[in-house]
Amino acid sequence: ISVSVSTFNLVAISLERYSAICKPLQSRVWQTKSHALKVIAVTWFLSFTIMLPYPIYSTLVPFTKPENVTGNNCRLKMPSDLAQQSWYIFLLLILFLLPGIVMTVAYAFISLELYRGIKFEVNQKKERTSSISSNQFENGDGCYLQKTKRKKKVEMRQLSVPNSTKIERVRSNSSAANLMAKKRVIRMLIVIVILFFLCWSPIFSVNAWRAFDTTTAGILLSGAPISFIHLLSYTSACVNPIIYCFMNKRFRLGFLATFTCCSGRNVQGRGMVQGVGEEEGRTTGASLSRYTYSNISISATASAPT
């Protein structure tokens, strides 16, 4: 059940991330707290339902230990070999292949959308740089040496150049932050897919192999190989929280704010959530919109005449 819940959670996260990043305006309507609770409930219900054969058909299988001592293993024994083989093929499909395909496709579309955003940011930065250089060229004195015009230009330089430099510096920093945030998200998505297949493909493949050729699989996989394969599947439970949660700054702040016993950290965390301000806003915008310009479309819609 825990394996099933973990896998379905990863699929649900990938689908909701796809909706939030590729369709940000639509996702805001239905991605609510009640929706999240419904997804959690459905995930657990499906997991309990799918795994009902384990409490029904699990039984103790005796084996002989060294020194002629009899031991027992808890094993799943279906009524027939065909049922056993069908069950493990079903698990291979429903808990590995289909979730892996869904996650790969969803994260591929997300990466493509973020890559387009990166190209858009780079083009915008180039356009701003070229416009600044052309403005500086046009504002030159040329060959005119009239006294009044020169005074006006000097006064305008004193008033406007520092401000424009400051504005351009903020823009460049914002653009750089957006690019870095998008690149981090793409790298994280690639790591998620790779680790999912790396951790789960051995155990599901081995279980299907055992169902069709129990004797050979038992001989070749006994001891260290099967222990290592199980260790990989257990590692997934340790890696996923780190990738999905603790690599996210906003999650870390929310995690600290959740524990009311740490009142000092709680207040500090809340202050940081509000004071993260521009940096965190840029990161969220970089990872949760097509080109991080959904706010432009919203403002344009709000300002349009009715």
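Keep in mind it's a predicted model, so treat the numbers as computed, not measured.

1. Re the overall build of the chain
Tallying secondary structure elements over the chain gives twelve helices and two strands in all. Mapped from its N terminus to its C terminus, the chain presents α and β elements in the order α-α-α-α-β-β-α-α-α-α-α-α-α-α. The burial tally for the chain puts 28% of its 306 residues in the buried class. Element-wise, carbon and sulfur atoms account for 65% of the exposed surface of the chain, whose accessible area totals about 20,200 Å².

2. Overview of the pairing of strand β1 (residues 58-65)
In this structure, β1 lies alongside strand β2 (residues 69-76), joined through eight bridges in antiparallel fashion. Bridge pairing in β2 places V61 opposite N73.

3. Quick notes on the UniProt feature "transmembrane region" (unreviewed entry) in the chain
UniProt tags residues 36-57, 87-110, 185-204 and 224-246 as "transmembrane region" (unreviewed entry). In this annotation, residues 87-110 is assigned 100% helix and 0% strand; the end-to-end C-alpha distance for the span is 33 Å. With 100% helix and 0% strand, residues 224-246 has end C-alpha atoms that lie 32 Å from one another.

4. Concerning the side chain of S236
With respect to the helices, strands and loops of the structure, S236 is situated in helix α8 (residues 224-246). A polar side-chain atom of S236 sits 3.1 Å from a polar atom in the side chain of W200. Not counting the four nearest positions on each side in its chain, S236 is found in contact with C199 and W200.

5. Regarding the nonpolar core
Counting 40 residues, the largest nonpolar core has M103, Y107, I192 and F204 as the members making the most contacts within it. Every element with two or more residues in this core is listed here: α1 (2-22), α5 (81-138), α6 (147-212), α7 (214-221) and α8. Ranked by the residues each element gives to this core, the list is headed by α6, at 14 residues. Aside from chain neighbours lying at most four places away, what touches Y107 is L10, I13, S14, R17, L189, I192, V193 and Y244.

6. Remarks on the packing of α1 against helix α3 (residues 33-50)
The interhelical angle for the contact between α1 and α3, taken along N-to-C directions, is 145 degrees, at an axis separation of 9 Å. At the point where α1 passes α3, the crossing takes the right-handed sense. Each of S4, V5, F8, N9, A12 and E16 in α1 lies in contact with α3, whose residues at this interface are H35, V39, T43, W44, L46, S47 and I50. Split by residue class, the contact of α1 with α3 holds seven nonpolar, five polar and one charged.

7. Details of the packing of aromatic side chains
Under the defined criterion, the tally for this structure stands at nine aromatic pairs. Ring centres of W200 and F204 lie 5.8 Å apart, and the angle between their planes is 40 degrees; this geometry places the pair in the tilted category. A residue pair is termed a helical-turn pair when its members lie 3 or 4 positions apart in one helix, as W200 and F204 do in helix α6 at four residues. F204 sits in the buried class, given a relative accessible area of 6%. Clustering of aromatic rings is evident, with ring pairs tying together F96, F196, F197, W200 and F204.

8. A short note on the state of the cysteines
In total, this model carries zero disulfides according to the counting rule given. The closest cysteine sulfur to the non-disulfide-bonded C238 is located on C199, 9.3 Å from its own sulfur. Look at C238 and you get exposed, because its relative accessible area is 52%.

Cut-offs applied
The residue numbering used here restarts from 1 in each chain and proceeds along that chain's sequence as written. Where totals are concerned, whole chains, interfaces and linings use all residues; where local detail is concerned, this predicted model gives features only for residues with pLDDT of at least 70, and gives and counts side-chain atom pairs only at 80 or more. As a rule here, side-chain values cover all heavy atoms of the structure and leave hydrogens and water aside. Each helix corresponds to a stretch of at least 4 residues labelled H or I by DSSP, and each strand to a stretch of at least 2 residues labelled E; elements are numbered beginning at the N terminus. Remark: exposure states derive from per-residue accessible area (1.4 Å probe, protein chains only) relative to the maximum for the residue type, with buried under 20%, exposed over 50%, and partly exposed in between. Accessible areas in this description were obtained via Shrake-Rupley with a 1.4 Å probe; residue shielding takes into account the shown protein chains only. Criterion used throughout: strands pair if DSSP finds at least two bridges between them. UniProt positions are given in the numbering used here, feature names are shortened, and annotations may be inferred rather than shown by experiment. Identification of polar contacts relies on pairs of N or O atoms within 3.5 Å, with a donor-acceptor requirement for protein atoms, meaning one able to donate a hydrogen and the other able to accept it, and with residues adjacent in sequence counted only if both atoms are side-chain atoms. Contacts between residues were defined by any pair of non-hydrogen atoms, one from each residue, lying within 4.5 Å. Buried Ala, Val, Leu, Ile, Met, Phe, Trp, Tyr and Cys residues form a nonpolar core when they are joined through side-chain atoms within 4.5 Å. Only the stretch in contact is used when fitting a helix axis, every axis being a line fitted to C-alpha atoms; angles between N-to-C directions are given from 0 to 180 degrees. In this scheme, a crossing is called left-handed if the near helix is turned counterclockwise away from the far one by less than a right angle; it is called right-handed if the turn is clockwise. In this classification, Asp, Glu, Lys and Arg are treated as charged, Ala, Val, Leu, Ile, Met, Phe, Trp, Tyr, Cys and Pro as nonpolar, and every other residue, Gly included, as polar. Geometry of aromatic contacts follows a simple scheme: Phe, Tyr and Trp rings, the Trp one being its six-membered ring, pair when their centres are within 6.5 Å, and the pair is stacked under 30 degrees between planes, edge-to-face over 60, tilted otherwise. Any cysteine sulfur atom paired with another within 2.5 Å is treated as part of a disulfide.

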